[in-house]
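Analysis of the macromolecular model
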Amino acid sequence: MSDSPPVAPLAVLGPHHGGGRLADVLPSALAVLGVPGSADPLGLVPVLAGVRRIAVLLVDGLGWYQLPTAAPYAPTLAGLAATVARPLIAGFPSTTPTSLVSLGTGVAPGAHGVLGFTVRVPGTDRVLTHTDWAADPSPLHWQPVPTQLERARAAGVTVTVVSRPEFGGSGLTLAANRGGDFRGAAGGEAVAAAMLAALPAGPGPTLVSGYHADLDRHGHLSGVDSAPWRVAATEVDAMLARLVDGLPPDAALLVTADHGQLDVPAAHRFDLDTDPRLRAGVRLVAGEARVRYLHTEPGAVDDVLAAWSEVLGAAARVRTRDEMVATGWFGPVPEEHLARIGDVVVTCNDTYAVMASRTERPMASKLVAYHGSDSAAELTVPLLVVRG
């Protein structure tokens, strides 16, 4: 593997950590395809000179630090990782909805507003789960930034989105991928077949965006490097092999991910629903286990900061929204998106997590692996660049 980040997996990365960003992938791809006004922050234009068709595959949960773990079960992936891989930073929080929209729009989370796995709908006590999002709030209002797919289509590029059938027309799909013709495909074999079928669909420049979820799902349910995770890695490898073998001569494949994962042992789990000290002064909780957004009762911010800092100690950093926005991890945050972030933001260190056993879905507290925080293992994702 090339350009491996010289940091330990559990090291906390700063907001301005060097290297490319996940949000840079599609702008660079569009620059290769000749879309006017497209920057090339990743320098792909000289590498992919002559390419007219690009397939971009996001493998959910395939963080940079999972590549060596997957290698024994994924020879194609291992070979690509050793020769054509570079690390990118997914963005904060390191969670699927946020990263999918950063990839699709080419901007940081503060601008697109999908600022976590779950967030408060401002002015209400409703918590929006972005993966269960239909039409309320309106995706075009909630996420106002035009997508890179819309830009591509407006420039005459044929654009296709390949993802699980149930995601067609969802709020998250519209927020991240509006502008592409949707094709449903479940499983690695079907995703590869649909992406390859879409690549020659147009007479001119073509962009195909694909998504595969199984590695992340098995990591959550059974843990990274568990037997089910290894089977999923083998299936990812078969998908990659088919895509690489089937690329037309004028095509390229870009493979990336939305985040990595960390196993969280039982001894490292706090439960805010069973500890009254963590509930005092908190009106509403959003985020997820590794990053918590705490919306406080009026005047309770200082008390909540003190209580959570005392209970969690070295397991987490407890800061105000203003502090977190000022660090720059979200990028610039417009006024209309600020209230989606908690008054207090809790980012977990090491392999700690804060569960909500009674107020979130029961399965959420029973998972093995998690992500969302700002460790290198969660934030760093690969970019593999393969020419046909």
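Throughout what follows, the structure given in this document is the object of discussion. (Residues numbered from 1 in each chain as written. Predicted model: local features only at pLDDT ≥ 70, side-chain atom pairs only at ≥ 80, totals over all residues. Heavy atoms only, no water.)

What follows covers the nonpolar core. The biggest cluster of nonpolar side chains holds 100 residues, and the ones touching the most others in it are Val25, Ile54, Leu57, Leu207, Leu254 and Tyr293. The dominant element in this core, judged by the number of residues it contributes, is helix α12 (residues 227-246), at 7 residues. (Core = buried A, V, L, I, M, F, W, Y, C linked by side-chain atoms within 4.5 Å. Buried < 20%, exposed > 50% of the residue type's maximum accessible area, 1.4 Å probe, protein only. Helix = DSSP H or I, 4+ residues; strand = E, 2+ residues; numbered from the N terminus.)

Turning our eyes to something else, we now look at the pairing of strand β13 (residues 291-296). Counted residue by residue, β13 has 6 buried out of 6 residues, so it is predominantly covered. Pairing analysis gives 6 bridges linking strand β12 (residues 282-288) to β13, with the strands arranged antiparallel. Directly across from Glu288, in β13, lies its bridge partner Val291. The antiparallel pairing of β12 with β13 creates a hairpin that spans 2 residues between the two strands. With 4 bridges joining them, β13 and strand β15 (residues 344-348) adopt antiparallel strand pairing. If you follow Val291 over to β15, its bridge partner there is Thr347. (Pairing = 2+ DSSP bridges.)

With that out of the way, let us pick up the sheet that holds β12. Backbone-to-backbone hydrogen bonds join strands into a sheet, with any given pair of strands oriented parallel or antiparallel. In space, the 4 strands of this open sheet follow the order β12-β13-β15-β14, with antiparallel pairing throughout. Two strands bound the open sheet, and with one partner strand each, they are β12 and β14 (316-320). Recorded for the sheet is a direction-independent mean angle of 20° between the axes of neighbouring strands. Its contacts with the sheet put helix α14 (residues 301-312) on β12, β13, β14 and β15, and the angle it makes with β14 is roughly 175°. (Axes fitted to C-alpha atoms, helices over the stretch in contact; angles between N-to-C directions. Contact = heavy atoms within 4.5 Å.)

Under the definition given, this model contains 18 salt bridges. Between Asp275 and Arg277 there is a salt bridge, and its shortest N-O distance comes to 2.8 Å. The buried category is assigned to Asp275, whose relative accessible area is 14%. One salt bridge in this structure joins Glu378 and Arg290, with 2.7 Å as the shortest N-O distance. One end of the pair, Glu378, is in helix α17 (residues 376-379); the other, Arg290, is in the loop between β12 and β13, and 88 residues separate them in sequence. (Salt bridge = Lys/Arg side-chain N within 4 Å of Asp/Glu carboxyl O.)

Approximately 190 Å³ is the volume attributed to the second largest pocket. As for the second largest pocket, its lining consists of 18 residues, and the residues nearest its centre are Arg21, Gly91, Ala108, Pro109 and Trp329. Within the lining of the second largest pocket, the residues separate by chemical class into 11 nonpolar, 5 polar and 2 charged. (1 Å grid on protein atoms, 1.4 Å probe; cavity = no way out; pocket = protein on both sides within 12 Å on 5 of 7 lines; lining within 4 Å. Points joined across faces, edges and corners; volume = space filled by probe spheres on them. Nonpolar A, V, L, I, M, F, W, Y, C, P; charged D, E, K, R; others polar.)

Where helix α11 (residues 214-222) contacts α12, the axes come no closer than 8 Å and their chain directions differ by 175°. The angle between the axes of α11 and α12 places the two elements in the roughly antiparallel class. Residues Asp214, Leu215, His218, Gly219 and Ser222 of α11 form the contact with α12, whose own contacting residues are Pro228, Trp229, Ala232, Ala233, Glu235 and Val236. Taken together, the residues that form the contact of α11 with α12 break down as 6 nonpolar, 3 polar and 2 charged. (Parallel < 35°, antiparallel > 145°, perpendicular 65-115°, else oblique.)

Quick look at helix α5 (residues 96-105) now. In an α-helix there are 3.6 residues to a turn, and that puts residues three or four apart on one side. Across the 10 residues that make up α5, a large majority, 10, are buried. Buried residues of α5: Thr96, Pro97, Thr98, Ser99, Leu100, Val101, Ser102, Leu103, Gly104 and Thr105, and no others. Of the surrounding secondary structure, the elements contacted by the buried residues of α5 are α1 (25-32), β2 (53-59), α6 (109-112), α8 (148-154), α9 (171-177) and β8 (206-212).

Each pair of packed helices gets described by two things: the angle between the helix axes and the distance between those axes. Direction vectors running N to C along helix α10 (residues 188-198) and α12 enclose 20°, while the axes themselves pass 8 Å from each other. The orientation of α10 relative to α12 falls into the category roughly parallel. By crossing handedness, the relation of α10 to α12 is classed as right-handed. Between α10 and α12, the residues in contact are Gly188, Glu189, Val191, Ala192, Ala193, Met195 and Leu196 and Met239, Arg242, Leu243 and Gly246, respectively. (Left-handed = near helix turned anticlockwise from the far one by under 90°.)

Another aspect to go through is the environment of Ala257. Within the secondary structure, Ala257 is located in the loop between β9 (251-256) and β10 (262-263). Separated by 60 residues in the primary sequence, Ala257 and Arg317 place their C-alpha atoms 26 Å from one another.

No statement about biological role is implied by the geometric values presented.
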